[in-house]
Amino acid sequence: MPLQLRKLVTYSETTLIEGGRAATTPLRMHAAAAVLTNPWAGRGFVEDLRPEIHDIAPQLGALLTEEVLKLAGSGEAVEGYGKAAIVGTSGEVEHASALIHTLRFGNHYRKAVGAKSYLAFTNTRGGPNTPVVIPLMDKLDEGRRSHYLTIQFSILDAPAPDEIVVALGASIGGRPHHRIGDRYQDLKDLGSTQELGAAHV
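An account of the accompanying structure is given in this report. Keep in mind that this is a model prediction, so the values were computed, not measured.

1. Notes on the overall build of the chain
Looking only at helices and strands, the chain features four helices and seven strands. Its helices and strands taken in sequence order, the chain reads β-β-α-β-α-α-β-β-β-β-α from the N to the C terminus. Relative to the globule expectation of 17 Å for 201 residues, the C-alpha radius of gyration of the chain, 18 Å, shows essentially globular dimensions. Projected onto the principal axes, the alpha-carbon positions of the chain cover approximately 55 × 40 × 25 Å. Across the 201 residues of the chain, 47% fall into the buried class. Across the chain, every contact between residues at least 6 apart in sequence was considered, and the portion connecting residues at least 24 apart equals 76%. For the chain, the exposed surface amounts to about 9700 Å²; the carbon and sulfur share of it is 52%. Averaging the locations of the 20 positively and 22 negatively charged side chains of the chain gives two centres separated by 4 Å.

2. Comments concerning unusual backbone geometry
In this structure, the amide linkage connecting Ala158 to the following residue, Pro159, adopts the cis form with an omega of 0°. Position of Pro159 relative to the elements: it lies in the loop between strand 6 (149-153) and strand 7 (163-172). Positive phi outside glycine occurs at Asn129, with the angle close to 75°. Judged by relative accessible area, Asn129 falls into the partly exposed class, the value being 35%.

3. Re the packing of aromatic side chains
Scanning all chains against the criterion turns up two aromatic pairs. Summarising the aromatic geometry, the rings of Tyr11 and Phe153 are spaced 5.1 Å apart at their centres and angled 10° between planes, so their arrangement reads as stacked. Of the two residues, Tyr11 sits in strand 1 (residues 5-18) while Phe153 sits in strand 6, which places them 142 residues apart along the sequence. Residue Tyr11 is classed as partly exposed on the basis of its relative accessible area of 22%. Ring centres 5.4 Å apart and planes at 55° place the aromatic pair Tyr81 and Tyr109 in the tilted group. You can see Tyr81 sitting in strand 3 (residues 80-87) and its partner Tyr109 sitting in helix 3 (residues 103-113), a full 28 residues away along the chain.

4. Topic: helix 1 (residues 50-72)
Given a rise of 1.5 Å per residue, 23 residues ought to cover 33 Å, and the 32 Å separating the end C-alpha atoms of helix 1 matches this to within 8%. Of all the bends found along helix 1, the most pronounced is centred on Ile56 and spans about 30°, while Pro58, a proline, follows it within four residues. Following helix 1 by one or two positions, Gly73 adopts a phi angle in the positive range, close to 100°.

5. Section: the pairing of strand 7
With 10 of 10 residues buried, strand 7 lies mostly within the body of the structure. Side chains Glu163, Val165, Ala167, Gly169 and Ser171 project from strand 7 onto one buried face, and the interleaved Ile164, Val166, Leu168, Ala170 and Ile172 project onto a second face that is buried too. Both strand 2 (residues 21-37) and strand 7 contribute to a ladder of 10 bridges, which runs antiparallel. Pairing of Leu36 across the sheet is with Ile164, part of strand 7. As paired elements, strand 3 and strand 7 share eight bridges and run antiparallel to each other. Bridged to Gly80 within strand 7 is Ser171.

What counts and what doesn't
- Residues numbered from 1 in each chain as written.
- Predicted model: local features only at pLDDT ≥ 70, side-chain atom pairs only at ≥ 80, totals over all residues.
- Heavy atoms only, no water.
- Helix = DSSP H or I, 4+ residues; strand = E, 2+ residues; numbered from the N terminus.
- Rg over C-alpha atoms; globule rule 2.2 N^0.38 Å.
- Buried < 20%, exposed > 50% of the residue type's maximum accessible area, 1.4 Å probe, protein only.
- Contact = heavy atoms within 4.5 Å.
- Areas by Shrake-Rupley, 256 points an atom, 1.4 Å probe, with all protein chains shown as cover.
- Lys, Arg positive; Asp, Glu negative; His and termini not counted.
- Charge placed at Lys NZ, Arg CZ, Asp CG, Glu CD.
- Phe/Tyr/Trp six-rings, centres within 6.5 Å; stacked < 30°, edge-to-face > 60°.
- Expected span 1.5 Å × (residues − 1).
- Bend = angle between axes of the 7 residues up to and from the residue.
- Pairing = 2+ DSSP bridges.

Any functional reading would require information that these geometric values do not contain.
Here's what the structure looks like:
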């Protein structure tokens, strides 16, 4: 089934003041979301999701990467990045996961911004106006807590029961007035030689 795209939605915000204090550098966050027909909706339980993944995920990855970079200005400008998907109520969470948890999707964005970290993510099910929640982390350093951010917005009419919303997010900068340290300082304080991995906090 080819990609059936109903709409593209973009979101931007700039934080100028945090905690009553002006940000030295304003935090800019951007997102681009695609609202598409769920290619598995109405077909019962589909055992093999790969044909649609191979067909649709690369198109979504290229499209959303292009849209996010228009907002950010360039791949080099992006510091934090992440992804999200929401499947409508007639679908499985597996359908949302299928389109974003594949290198055919994520590598477009990863390569465009020169990232080394994995893409933080959410994949959920909901109806119209369900919040699109995109967790972010530094594209080069998973332990840089200043860039543990979240973009949140909603699309009033999406996803419909037979739709999926797929989104990419980006930050230019980290949290204003960041002052909670990072994982490396924690490891040093605890006398640990543990390497940074997926269990970072």
